[in-house]
Amino acid sequence: MTSNNHRFSGLAGSLLLAAGLVITAQASAAEDPVSAGKKIAFDRKKGNCLACHQIEGGTLAGNIAPPLLAMKHRFPDKAKLRAQIWDARKNNPRTIMPPFGPHRILSEKEIDLVTEFIHSL
Amino acid sequence: MRKIATLLLSAGLVAVSTQAVSGPKEDLEKFRTYFEQKFPGLQLDEFGNGVYALDASKRLQWEAMEEFPPYEEFVDKGREIWEKPFKNGKRFADCFGKDPSKVRVKYPRWDAERQQVVTLELAINDCRKKNGEKPFKWKKGPIAWLSAYLGYEARGQKIDVKIPNDPKALEAYEKGKHFFYAKRGQLNMACADCHVKYPGHFIRGNLLSPALGHVTHFPVFRAKWEKKSKSGDGLGTLHRRYGGCNKQVRARPFPAQSEQYRNLEFFHQYMSNGLTINAPGYRE
Amino acid sequence: MMKKSIVSIGLALLIAGCNATTPEKPMTLKEQYEAALARTQAAVKKAASVDGEWRDIRWKKSKKKYLPKAIEAAKAGDYEKALKLLKIAEFQAEMGYKQAMAEKDAGPHLYGL
């Protein structure tokens, strides 16, 4: 009796787990990394990349920095692009571009997503 | 003999060049030259018009605004404050002298006795306290009205901040200068990033103004501040603006009239020496 | 001499004993909070002492105000939330200090003038 019970709850647990996986899979299908990254990049309180960069699909962009386009060409190596977004000071110690990673303006996960978006441009 | 001469000469050069990097006068020369080269052909006094010196379409709208300036009624209120006697029968003129047009150009100044920078606003409240009146609030309202009136009366005269050759005064100047060039806040930006390196560029929808000429039209009447105020009073002091520029880079602003901001103002106004006062001004 | 060394051996044993027992008695959340609060307050003071404080740690007009909100959460008994907020506040205070130190020699020479 008790062992049956255990088996039952174990089964219920894995069913629930499976259901949960399906749900999260669906959520991320609706929000692919590129569009999730775009939201973060355009959000004034998050990346606010448009303050300085022109980016396709963004309005009221600034012109302090080079427009972000043909990024696969500029950064064939995605890791290099991520490093630039994470801390622009590596390439230019006095840059005006905020140190998104070191100052935790964005989380690591958010920087991954923004990188996906920028790399898609 | 020749050797000695070159030695002496190079020693002299070293002395000159170290002086050149340290003195306020040399700082000012380099600062002005930098902006004149960045915006060739722009008259010196045009820098006092901020972004309107750089953008023709913005300038047209601004000139239309200045036809019927929204700050006028507050300048009038400032005049009333200037003229109205305190409860003890004295007036501001007893602190500042009879001629209201001779006040603005004296500030900010180094007060050797108090060993600190005294701004116009600080002097206004000192005068009130000395006469048994409650000090005004620092950033807007009556202090900005009076400051605007004194600026208005001084229109046409030139900014003329004096940095005496007193180690303490120089230290205050250096502190203000450091504040201006140091990155701060979570976004890691210095005043100089936006107002020295990138004036003439847009940050989002905002055109950035050059730091040269920044101070000539303060206190300023801002449309943004006007909207926030119930009475339509958009006037604010220089230190109110400093606070806004600090918090947008996510640094904690310092209180208006704190030592940090007074030192910053000392440096910031000195950099505009020789430019014509056109206070109060209108800005977005 | 003899007495002294016995005492110190005893003391050493006592310390070793204490050390051995700590992992069995983990800090309560409240204790962790109190330790984190003290650390954060010290870090904020240090950042402020060099004019390096960031906007959202405790400034009255900040919407985030991590430090006062952590104290509020602890008062309401939510130590986990309090600890989370303190972690951000402490990090920001440390970075603000570090930034101010790194910018100690900032001047016009860095901007080509």
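In this report, we go over the structure that sits alongside the text. Keep in mind that what you see is a predicted model, and the values were worked out from it rather than measured. (Residues numbered from 1 in each chain as written. Chains lettered and ligands numbered in written order. Predicted model: local features only at pLDDT ≥ 70, side-chain atom pairs only at ≥ 80, totals over all residues. Heavy atoms only, no water.)

All names here are of chain B. All told, the structure shown has one disulfide over all chains when counted by the stated rule. Residue Cys 95 pairs covalently with Cys 127 via a disulfide, S to S 2.1 Å. An S-S torsion of about 85° defines the bridge between Cys 95 and Cys 127 as right-handed. Residue Cys 95 is found in helix α5 (residues 93-96), and its partner Cys 127 is found in helix α6 (residues 120-130); the two are separated by 32 residues along the sequence. Judged by its relative accessible area of 29%, Cys 95 is partly exposed. (Disulfide = S-S within 2.5 Å. Helix = DSSP H or I, 4+ residues; strand = E, 2+ residues; numbered from the N terminus. Buried < 20%, exposed > 50% of the residue type's maximum accessible area, 1.4 Å probe, protein only.)

This paragraph deals with the interface of chain B and chain C. Listed per partner, the contact involves 25 residues of chain B and 18 residues of chain C. Buried area between chain B and chain C, summed over both chains or domains, comes out near 1,900 Å², and the portion from carbon and sulfur atoms is 58%. On the surface where chain B and chain C come into contact, there are one salt bridge. We note a salt bridge from C:Glu53 to B:Arg252, for which the minimum N-O separation is 3.0 Å. Connecting chain B to chain C are eleven residue pairs in polar contact (both at pLDDT 80 or more). Elements supplying a minimum of two residues to the side of chain B that touches chain C: α2 (24-38), α8 (167-181) and α9 (191-197) of chain B. Among the elements that make up the side of chain B that touches chain C, the one with the highest residue count is α9(B) (four residues). Residue classes in the side of chain B that touches chain C are distributed as ten nonpolar, five polar and ten charged. (Contact = heavy atoms within 4.5 Å. Buried area = accessible area lost by both parts, 1.4 Å probe. Salt bridge = Lys/Arg side-chain N within 4 Å of Asp/Glu carboxyl O. Polar contact = N/O pair within 3.5 Å; in protein donor to acceptor, adjacent residues only side chain to side chain. Nonpolar A, V, L, I, M, F, W, Y, C, P; charged D, E, K, R; others polar.)

Residue placement: B:Arg204 occurs in the loop between β3 (202-203) and β4 (206-207). A:Asp43 provides the closest opposite charge to the buried, unpaired B:Arg204, separated from it by 7.2 Å. A polar atom in the side chain of B:Arg204 sits 3.2 Å from the backbone oxygen of A:Phe42. If near-sequence neighbours (up to four positions away) are discounted, B:Arg204 is found in contact with A:Phe42, A:Arg44, A:Asn48, A:Leu50, A:Ala51, A:Thr59, A:Leu60, A:Ala61 and A:Gly62. (Lys, Arg positive; Asp, Glu negative; His and termini not counted.)

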